[in-house]
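Fold and contact review
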Amino acid sequence: MSEIDRFRPDDRRGVDTLYRRTHGADAANALRLRWDWQHRRNPYNQTGQPEIWVAREGPTVVGHYSTLPVRVSIKGIEVEGAWGSDAMVAPERRRQGIGEALVRTWDRNSGAVLALGATTDGRKLLDRLHWPDAHIVPCLVKPLTRRAVRLPQWPGPINRLVSALAWPVVHVVSRSRPLRAECEPVRRFDSSFTALWERLAPKFDLAVRRDASYLNWRYIEPPHVRYSVVALKRQGEIHGYAVYRHRHEPLGRVTLLVDFLADPDDVAGMKTLLRWVDRAARAEDSDKVRAYAMNGPFRRALRRNGYFAVKSTLEVSVKVNAVQVPKGFYDETAKWHVTYGDSDQDH
Ligand SMILES: CC(C)(COP(=O)(O)OP(=O)(O)OC[C@H]1O[C@@H](n2cnc3c(N)ncnc32)[C@H](O)[C@@H]1OP(=O)(O)O)[C@@H](O)C(=O)NCCC(=O)NCCS
């Protein structure tokens, strides 16, 4: 019979071995590279030890569930929470309820539990535990070149034909436009970003606290991914930021708009940030910019600036334990702020 407990330093080897068996050697090496950053440097990790729930049989680790502690803001009220990031059970011990026991233990010990991009098995597990329904995090794409409209499931000639037909539209939406406010690249988030977060937090029904310590950990310090950050400034005061990176994909080059923040009512501010990202994407020869955005006003801003909604399979699930949430909280998600930068989607 397995027992479930918090991670202890001597579990490290067992956790590593099971990860390697589940995801392969490359993924295990990548995890080792980001281990210290992911667990110990996270500013909201209270204990200093990795927040991993471990299922043991004697000294053997037969399952574990890695979580990422965050502060979760519900209309400005903060609770301790954690993203569930990676559940795994040894193949010979599956279908014995260990996965369920791991998730239950995590849930019982957290003020709020969140999951982004769960696998089919992961989703089944949450459904069995009667978590509130998952929601799709919409994906929006802004085409910058005619190659932007290619799809992997289409044959080459069709992709070329669609690219040619789409060109007039792409040409219009991707035109370069002037910036209206001051934009400034940022190398480190300072306390003025914490002040921005404090000011804006009540505007979101649900969002992870995006203060300077979180943002530096998440976007400046990772050893495995490099992000660019731009701040929106007016008369010297910070009004927003955007985090992005460029990458090669099989069908072209993509700029990922990973995270952003501004007052959802600040239409001009969002426009300025988006134009900056457009320019950066063009300078890197990207074929498109891709963003995931849950918040209604932010999605409107993206659409007004040339982004189109495309199919998304990214789902978010949330369960708040520490406070009573208002009626309809789990169904009305237009004021949630969830992006691709949340949890560990982007790594
Ligand atoms: C997802 C994963 C962690 C689930 O672990 P698990 O210990 O097998 O989970 P459980 O035993 O609680 O549940 C799995 C199934 O076994 C069934 N089951 C549980 N106890 C059982 C028992 N005593 N007898 C028979 N069936 C049982 C459950 O009903 C469930 O069935 P379902 O899939 O049809 O809903 C595991 O499959 C895994 O490591 N997968 C690979 C990594 C992965 O995809 N992780 C998810 C990331 S979010």
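The structure presented is a predicted model; accordingly, all values stated were derived computationally and were not measured.

Secondary structure summary: the protein contains 9 helices and 16 strands in total. Its C-alpha atoms give the protein a radius of gyration of 21 Å, near enough to 20 Å, the size a compact globule of 347 residues would have. Judged by the C-alpha coordinates and their principal axes, the protein covers about 65 × 50 × 40 Å. Summarising the internal contacts of the protein: among those between residues at least 6 apart in sequence, 72% fall at separations of at least 24.

Neighbouring residues of the ligand: 19 residues in total, closest Arg94, Arg95, Gly99, Glu100 and Gly122. When residues of the shell around the ligand are traced back to their parent elements, those giving at least two are strand 4 (77-89), helix 3 (98-108) and helix 4 (120-128). Here the shell around the ligand takes 5 residues from helix 4, the largest share from any one element.

Quick look at the sheet that holds strand 12 (residues 252-262) now. Spatial ordering of the open sheet is given by 8-10-11-12-13-7-14, a layout of 7 strands whose pairing is mixed. Two strands close off the open sheet at either side, each with one partner strand: strand 8 (182-185) and strand 14 (308-310). The sheet shows a mean angle of 30 degrees between the axes of neighbouring strands, taken without regard to direction. Bridge count between strand 8 and strand 10 (residues 228-234): 4 bridges; the pairing is antiparallel. When the bridges of strand 10 are listed, Cys183 appears paired with Leu232.

The end-to-end C-alpha separation of helix 1 (residues 12-23) is 16 Å, in line with the 16 Å expected for 12 residues at 1.5 Å each. Of the surrounding elements, those touching the buried residues of helix 1 are helix 2 (25-40), strand 2 (52-57), strand 3 (60-74) and strand 4. Within two residues after helix 1, Gly24 carries a phi angle of roughly 95 degrees, on the positive side.

Moving on, we come to the pairing of strand 11 (residues 237-249). The side chains of a regular strand alternate between the sheet's two faces. Bridging between strand 10 and strand 11 involves 7 bridges; their strand directions are antiparallel. Within strand 11, the residue paired with Arg234 across the bridge is Glu237. Two successive antiparallel strands, strand 10 and strand 11, enclose a turn made up of 2 residues, where Gln235 displays a positive phi of approximately 45 degrees. Where strand 11 lies against strand 12, 10 bridges are found, and the strand directions are antiparallel.

Next up on the list: unusual backbone geometry. A positive phi angle is found at Lys75, which is not glycine, with a value near 50 degrees. One can find Lys75 in the loop between strand 3 and strand 4. In this structure Lys75 comes out as partly exposed when scored by C-beta crowding, with 16 C-beta atoms within 10 Å.

Along its sequence, the protein is carved into domain 1 (3-136) and domain 2 (139-311). Centre-to-centre, using C-alpha coordinates, domain 1 lies 29 Å away from domain 2. The set of elements that each furnish at least two residues to the side of domain 1 that touches domain 2 consists of helix 2 and strand 3. Along the lines of polarity and charge, the residues of the side of domain 1 that touches domain 2 split into 7 nonpolar, 3 polar and 5 charged.

Further remarks concern the nonpolar core. Core analysis: the biggest nonpolar cluster contains 92 residues, and Val230, Tyr241, Ala242, Leu257, Leu273 and Val277 have the highest contact counts within it. The contacts of Val230, once residues within four sequence positions are left out, are Cys183, Glu184, Pro185, Val186, Tyr241, Ala242, Leu273 and Trp276.

Residue placement: Gly97 occurs in the loop between strand 4 and helix 3. Note on Gly97: 12 C-beta atoms within 10 Å, which makes it exposed. Distance in space between the C-alpha atoms of Gly97 and Ala164 is 53 Å, their sequence separation being 67 residues.

Moving on to the pairing of strand 5 (residues 112-116). Along strand 5, 5 of the 5 residues are buried, which leaves the element largely enclosed by surrounding structure. Residue alternation in strand 5 divides its side chains into two sets, Ala112, Leu114 and Leu116 and Val113 and Ala115, and both sets are buried. Considered for its hand, the β-α-β crossover made up of strand 4, helix 3 and strand 5 is right-handed. Across 5 bridges, the pairing between strand 5 and strand 15 (residues 315-320) is antiparallel.

One way to put it is that helix 8 (residues 267-283) packs onto helix 9 (residues 296-304) with a least axis distance of 10 Å and a crossing angle of 55 degrees. On the basis of the axis angle, helix 8 is oblique to helix 9. Of the two elements, helix 8 crosses helix 9, and the hand of that crossing is right-handed. Counted together, Val267, Met270, Lys271 and Leu274 of helix 8 and Phe298, Ala301 and Leu302 of helix 9 form the full contact between these two elements. Looking at side-chain class alone, the contact of helix 8 with helix 9 contains 6 nonpolar, no polar and 1 charged residues.

We now examine the environment of Ser85. As for its position among the elements, Ser85 is in strand 4. Owing to 20 C-beta atoms within 10 Å, Ser85 belongs among the buried residues under this scheme. Separated by 55 residues in the primary sequence, Ser85 and Leu140 have C-alpha atoms spaced 24 Å apart. Every residue in contact with Ser85, bar those within four places of it in the chain, is listed here: Ser66, Thr67, Leu68, Ser343 and Asp344.

What counts as what
- Residues numbered from 1 in each chain as written.
- Predicted model: local features only at pLDDT ≥ 70, side-chain atom pairs only at ≥ 80, totals over all residues.
- Helix = DSSP H or I, 4+ residues; strand = E, 2+ residues; numbered from the N terminus.
- Rg over C-alpha atoms; globule rule 2.2 N^0.38 Å.
- Contact = placed C-beta atoms within 7 Å.
- Near = placed C-beta within 6 Å.
- Pairing = 2+ DSSP bridges.
- Axes fitted to C-alpha atoms, helices over the stretch in contact; angles between N-to-C directions.
- Expected span 1.5 Å × (residues − 1).
- Buried ≥ 20, exposed ≤ 12 C-beta atoms within 10 Å, placed from the backbone.
- Domains from an automatic or database assignment.
- Nonpolar A, V, L, I, M, F, W, Y, C, P; charged D, E, K, R; others polar.
- Core = buried A, V, L, I, M, F, W, Y, C linked by C-beta atoms within 7 Å.
- Right-handed = clockwise from strand over helix to strand, strands pointing away.
- Parallel < 35°, antiparallel > 145°, perpendicular 65-115°, else oblique.
- Left-handed = near helix turned anticlockwise from the far one by under 90°.

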